[in-house]
Amino acid sequence: MYVDYDKFLKSVHKSLQCVHCHTDANVKEFPHPEKLLKVQCQSCHQQQGKDYDASIHHAALKRGSPYAPTCSTCHGVHYILPPDNPNSSTYIMNIPALCGQCHREGAPVSKVYKIPEKNILANYSMSIHGTGLFKMGLTVTATCNSCHRNHMILPATDPHSSISVQNIAKTCMKCHSRIEQVHKKIIRGALWEQQPGAVPACTDCHLPHKIQAVSVVPKTSDKSCLKCHAKKDLHKTVNGKTISLTVDVAQLQNSVHKNIPCVQCHSDISPHHPHPPVTVGKVNCANCHAEVTEKYFSSSHGQAYENKNKMAPYCSYCHGTHDVLSHLNEDAKTYRTHIPALCGDCHAKLKNSPNQQVRSHANVLFDYSRSVHGIGLVKLGLLPTAVCTDCHSTHYILGSNNPQSSVYFKNVPATCATCHLGIYKKFIKSIHSFTVTHTEKKLPVCNNCHSAHRIQNVALDPFMREVTEECGSCHKRLAKSYFETIHGQAYLDGNLNAAKCSDCHGAHYILSVNNPKSSVGIDNIVTTCRKCHPDADRRFTGYLTHATHHDRAKYPILFFTYWAMTGLLIGVFSFFGVHTILWLPRSYRHLKEKRKISTGPKRYYIRRFNTLQRLIHLFVILSFMALALTGMMLKFAGLPWAKFIASFVGGVSAAGTIHRIAAVITFGYFFTHLGSLLRLKSKKKLSLKQLIFGKNTMWFKKRDIIQFWQSMKWFVGLGPRPQYGRWTYWEKFDYFAVFWGVAVIGFTGLILWFPEFFTLFLPGWIINVAIIIHGDEALLAVGFIFSVHFFNSHLRPESFPLDPVIFTGLVPVEEYKEDRPAEYEDLKKSGELSKKVSFTEISPPKMLAIRIFGYTFLTIGIILIVSIIVSMLLGYK
């Protein structure tokens, strides 16, 4: 926004005030509005404005085409100089460079638009007009605006154009006034006036931009040179090194320079001194290739060469000396298939450069060879595939931080458009395009997502694994919320089929959510979701794809759901954590007391669990372990142990299948147990009240509260061990936790399993709520079972390392009498004890199998809970 007033005073507008141009700036009230209207130059320059409005440039601007020039493009903004000022961009000597910004070889305009004339600036520089301007400094020679006019520039097909067939002669006659007399030996003069269409136009014979003068034949012949230079032993010595001066005649005859005399390149050779006593100067390729040479010396390579950098390539490094071949010749070093190796060989020498940026380009050949472009060229032989010069241009190679560079971030899309024009046309309409989002900040362009030299096939795993991280490098908050969703968690665990950013928002044609054409806009979101969820409807799309439970203002339901579940987790683990910590030392002392009264071999047992109960528990173990592993794998997605589980079970899709099968088994054993209770009710002719609230049922009673308090006193040595009955208070908690878990985890799991069905009558955000409840309730279940339940049943000192009762159904009589004295006395008084006691032995092989099975699942559970605890302590959740 800065205006240098001293420079402004040198401009043609120095007598004007700011508001003469910026008419909408209110000088009475400062500051003025931030966004001012575009300056209307034609308010003063009316004729020029009319001419411009009729031109092809203005037509391109109206279409919204990128690179369409405006007044300021050519004249500047605040520091406009008159055209007779040598420093002005519109000074005659500067006109070709000004127009060449857009119409030079390799410029974005020449790549994007179909312009009939190619290499305009290069051809002009080598023409008689260009030679007159650049080499002789003739300011009367023709420049671009001499033929095309200043402002009303029209295509040759327009009859009003200064270069149309009807008008070209008039245009040329501004300088060449005696056209009829000059051409009288070729065309009868009367035809110029009477039949303009009967004679060729000037440009039919004198090709535009390539107009040449008559060549001058050199006085020194090649034969004179080759008398000496055809000898194989001709050489010179420089600093002790022998350098051959032999010219291979065969190579010379096959080169593109075969018809060019030696002295046209070696112009410092005098015909009077065929054997000069001093070394001739270096060949100046600019004698013929003026525009190419100018671009080379403006490039990074040319600048390095002028700075005496020995690593800088010169013309001969790439093209050769006397063996220069056409780039269309397969033997040429500049043939397409040889370009990567040509550039790569030189760049490999940069690995020891002190400049970090230069050093980073040392492995370009290695990276390119493994890219989709390199594979296409080397392995598949596809000549149209991109090589170095397609992206970096041939001679005007600039660093990526130079605005004129073809790989400058604003120019990269147009550069890639050379091959990917269809994608480019979509991209320039997206919010990532500078033509749509006007900002000075860097917007993502092709190489931000696809990289520069390591471009991968977008259908292959490496690219698919990187695409979401690429979006996240800019959209950090959205990426974080994405990774908390079911899509993101599945992606982190390696499921590349999970919905990613590009699946919903598109890859190149990314539009604002408020744009009616956006794939995530209200008009198209259902169609987008149906790509993966065929039965999705409008209600289903209410799922909050980037919602986060941390935002109370925006998502209050998710916020309170999350903290309600967090409170439940903290409450349960705090209560039973304290319970376990208090029990552990008391349990050690109790173990010592039991060992003092320990008897001999255990042969008398009480049957505690029947066959159905043990079978159900077996299914509980198997299904819960499967649910825990596959569920926690997803909840802690991205962590190494979660990825290991995913790969071990065969991937995220296989894990999902296992999870659902285990869920079906869970529902199966749950309803099987309910069925067994109903059969028990029928068999013993119990009422529903007796079944639920009767003696020795699992329902909590006053006695459980008393025994809990007695246990607390026993833990701290303030009272005796309680007289536990058939079921303890912690066993009842475990039992009803299954009912709670199946109801809560099961229902929310069904919502996640069949979201399209449930959103037929529930809002879409219910899926987000279900994810929070399902995940946190599962975490509670896993944490409780693998810590508290494992301790209560197996890991406390009296039972360590495994209590086999749930597998055998049997408890030694003495142990039962010690652990459950109240139940033992009840059985004894009722006469049922003899029916419960059996004399038997558990065979060693059976006990070994039980221990292997039990230890395996105990170990897996403990490893899993330790992994979860470590992950949470490290701040993952």
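**With respect to the state of the cysteines**
Here the structure, examined in full by the defined rule, presents zero disulfides. In this structure Cys 175 is not part of a disulfide, and its nearest cysteine sulfur, from Cys 147, lies 7.6 Å away. Cys 175 gets classed as exposed once you look at its relative accessible area, which sits at 52%. Unpaired in terms of disulfides, Cys 474 finds its nearest cysteine sulfur in Cys 449, a separation of 7.9 Å.

**Remarks on a positive patch on the surface**
Residues Lys 114, Lys 425, Lys 429 and Lys 517 make up a contiguous surface patch of positive charge. By the element assignment, Lys 425 lies in helix 27 (residues 421-427).

**Observations regarding the side chain of Asn 792**
Note on placement: Asn 792 falls in helix 42 (residues 766-795). The contacts of Asn 792, once residues within four sequence positions are left out, are Trp 583 and Trp 730.

**Thoughts on the pairing of strand 3 (residues 604-607)**
Direction of pairing for strand 3 relative to strand 5 (residues 837-839): antiparallel, over a ladder of three bridges. Following the sheet pairing, Tyr 605 is matched in strand 5 by Ser 838. As defined by bridge partners, strand 3 adjoins strand 4 (residues 810-812) across three bridges and the pair is classed as antiparallel. Within the sheet, the bridge partner assigned to Ile 606 lies in strand 4 and is Val 811.

**What to know about a nonpolar patch on the surface**
Together, Leu 615, Leu 618, Phe 619, Leu 622, Ile 661 and Ile 665 line one region of the surface with nonpolar side chains, adding up to about 480 Å² of accessible area. Among the elements of the structure, helix 35 (611-635) and helix 37 (652-683) are those that each provide at least two residues to the nonpolar patch. Top element by residues in the nonpolar patch is helix 35. It accounts for four residues. Checked against the element boundaries, Ile 665 lands in helix 37.

Thresholds applied
Residues numbered from 1 in each chain as written. Predicted model: local features only at pLDDT ≥ 70, side-chain atom pairs only at ≥ 80, totals over all residues. Heavy atoms only, no water. Disulfide = S-S within 2.5 Å. Buried < 20%, exposed > 50% of the residue type's maximum accessible area, 1.4 Å probe, protein only. Patch = residues over 30% accessible without salt bridge, like charges linked within 9 Å, V, L, I, M, F, W, Y side chains within 5 Å. Areas by Shrake-Rupley, 256 points an atom, 1.4 Å probe, with all protein chains shown as cover. Salt bridge = Lys/Arg side-chain N within 4 Å of Asp/Glu carboxyl O. Lys, Arg positive; Asp, Glu negative; His and termini not counted. Charge placed at Lys NZ, Arg CZ, Asp CG, Glu CD. Helix = DSSP H or I, 4+ residues; strand = E, 2+ residues; numbered from the N terminus. Contact = heavy atoms within 4.5 Å. Pairing = 2+ DSSP bridges.

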